[in-house]
Amino acid sequence: MSGSTAGPQTNILAIDSATTRVVVAVGTLAGALIDATEWPAGYRHGETLLPTIAALLERLDLTPASVAAIVVGTGPGAFTGLRVGIATAKGMAHALGVPLVGVSTADGLLKGAPPDAVLLLPAGPADRLVVVPGQQARLVPAGEDPSVPSGATLVAVDLADRAPADALERGETARAGLGASLLELGAARLAEGQVDDLAGLVPEYVTLPRGVKAESGEVSWSRDPR
């Protein structure tokens with residue numbers, strides 16, 4: 001772990017809750033990883049996320065005032081986890097008065113995978129989602145094989161017993177580097193001035209609970225940070 005950077009607004013905080021393991025990372029404004037932590041989400045995202053962020057900052061001898069921007073993974077992912085992660089990121093960005101940058105979790109995972117990788121993710125208990133770089137994610141119904149480019153390397157995340165063992169192993173390697181990847185991708189977007197609007201940033205859900213409609217993301221936010 002590299003040394004932490006002290007001082008006001010000198011760090012980026014990255015959050016991802018799209019997979020079954022929540023990732024929180026802290027990096028420099030240039031996108032270099034300082035430290036990261038991850039843990040099994042279970043159904044306790046709301047209980048564990050903020051305390052873990054606070055503990056990571058404290059371990060690095062940093063305060064929330066040191067956070068210059070927040071990067072959040074936008075999915076694809078499950079409904080509950082993404083809602084909690086993105087709501088937390090929006091709330092912190094609003095309270096701290098700092099920019100928010102949404103980064104595709106799939107892009108973050110693929111960044112830590114082989115160059116010819118195709119990503120396979122769960123979409124509910126039986127269906128799967130295939131993500132080919134540069135293309136829109138496609139749903140693979142239960143019982144069907146994913147259509148992937150010839151020679152592509154399959155990378156699977158959260159698909160125990162539903163994907164080949166070597167693909168699952170590559171998925172764990174990609175997820176281990178997710179915090180660093182999100183920081184790097186987010187820092188690049190920040191440098192280009194690509195900041196997301198708090199009201200407009202929405203998750204990319206793989207499935208929605210019965211009776212829940214897709215959101216537009218339009219939320220009324222007070223401009224007063226108090």
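Analysis parameters
Residues numbered from 1 in each chain as written. Predicted model: local features only at pLDDT ≥ 70, side-chain atom pairs only at ≥ 80, totals over all residues. Heavy atoms only, no water. Helix = DSSP H or I, 4+ residues; strand = E, 2+ residues; numbered from the N terminus. Contact = heavy atoms within 4.5 Å. Areas by Shrake-Rupley, 256 points an atom, 1.4 Å probe, with all protein chains shown as cover. Phe/Tyr/Trp six-rings, centres within 6.5 Å; stacked < 30°, edge-to-face > 60°. Buried < 20%, exposed > 50% of the residue type's maximum accessible area, 1.4 Å probe, protein only. Pairing = 2+ DSSP bridges. Right-handed = clockwise from strand over helix to strand, strands pointing away. Axes fitted to C-alpha atoms, helices over the stretch in contact; angles between N-to-C directions. Salt bridge = Lys/Arg side-chain N within 4 Å of Asp/Glu carboxyl O. Core = buried A, V, L, I, M, F, W, Y, C linked by side-chain atoms within 4.5 Å. Expected span 1.5 Å × (residues − 1). Arc of directions from axis to C-beta.

Take the overall build of the protein next. A tally of regular secondary structure across the protein gives five helices and nine strands. The helix and strand sequence of the protein, counted from the amino end, reads β-β-β-α-β-α-β-α-β-β-β-β-α-α. Pairs at least 24 residues apart make up 61% of the contacts formed inside the protein by residues separated by at least 6 positions. About 11,000 Å² of surface is accessible on the protein, with carbon and sulfur atoms providing 54% of the total.

All right, on to the packing of aromatic side chains then. Applying the stated criterion across every chain, the model contains one aromatic pair. An angle of 45° between the planes, with centres 5.0 Å apart, marks the rings of phenylalanine 79 and tyrosine 205 as tilted. On the criterion of sequence distance, the pair formed by phenylalanine 79 in helix α2 (residues 79–96) and tyrosine 205 in the segment after α5 (178–191) is long-range, its members being 126 residues apart. Pair check on accessibility: phenylalanine 79 and tyrosine 205 agree, each one buried.

A two-sided burial pattern is seen for strand β5 (residues 100–103), the buried positions comprising Leu100 and Gly102 on one face and Val101 and Val103 on the other. Where strand β4 (residues 67–73) and β5 come together, four bridges link them in parallel fashion. The residue of β5 that forms the bridge with valine 72 is glycine 102. Handedness of the crossover joining β4 and β5 through α2 is recorded here as right-handed.

Here we come to the sheet that holds strand β6 (residues 117–123). Strands sit in the order β8-β7-β6-β9 across an open sheet of four strands; the sheet is mixed. Whereas interior strands pair on both sides, the edge strands pair on one side only; in this sheet they are β8 (138–140) and β9 (153–156). Across the sheet, the mean angle separating the axes of adjacent strands is 30° when strand polarity is ignored. Here four bridges tie β6 to β9, and the two strands are oriented parallel to one another. For valine 118, the partnering residue across the bridge sits in β9 and is leucine 154.

Let us now look at the pattern of salt bridges. According to the stated counting rule, one finds seven salt bridges in the structure shown. Taking the shortest distance from any N to any O, the salt bridge between lysine 111 and glutamate 184 comes out at 3.3 Å. Taken together, the residues span a long stretch of sequence, with lysine 111 in helix α3 (residues 105–111) and glutamate 184 in helix α5 at a distance of 73 residues. Given the relative accessible area of 38%, lysine 111 is considered partly exposed. Linked by salt bridges that have partners in common, Asp158, Glu172 and Arg175 make up one network.

Here the focus is the nonpolar core. Counting residues in hydrophobic clusters, the biggest one holds 29 residues, and the most contacted among them are Leu13, Val26, Ile53, Ile70 and Leu100. For this core, the secondary-structure elements that each account for two or more residues are β1 (11–16), β2 (21–28), β3 (33–40), α1 (45–59), β4 and α2. The element best represented in this core is α2, accounting for six residues. Setting aside anything within four residues of it in sequence, one finds isoleucine 53 in contact with Leu13, Ile15, Val24, Thr88 and Met92. Of all hydrophobic cores here, the second largest spans 25 residues; its members include Val23, Ala117, Val155 and Ala187.

With that settled, the discussion passes to the sheet that holds β1. Pairing is mixed in the open sheet, where five strands are placed in the order β3-β2-β1-β4-β5. Strands at the two margins of the open sheet, each flanked by one partner only, are β3 and β5. If you compare each strand with its neighbour and ignore which way they point, the axes differ by 15° on average. In the sheet, β1 pairs with β2 via six bridges, with the strands oriented antiparallel. Bridge pairing in β2 places aspartate 16 opposite valine 23. Here α5 sits on the sheet and contacts β1, β2, β3, β4 and β5; the angle it forms with β1, its principal contact strand, is near 125°.

Before going further, it helps to examine α2. Counted at 1.5 Å a residue, the expected span for α2 with its 18 residues is 26 Å, and the 26 Å between its end C-alpha atoms agrees. Just beyond α2, the residue with positive phi is glycine 97, at close to 70°.

Glancing now at helix α4 (residues 165–176). Look at α4: 17 Å from first C-alpha to last across twelve residues, which is about the 16 Å you get at 1.5 Å a residue. Those residues of α4 that fall on the buried side of the exposure criterion are Ala167, Gly171, Ala174 and Arg175. An end-on view of α4 places all buried positions within 95° of arc, on one side of the element. Exposed residues on α4 whose side chains face more than 90 degrees from its buried face are Ala165, Glu169, Thr173 and Ala176. Summarising the contacts, the buried residues of α4 are in contact with β2, β3, α3, β9 and α5.

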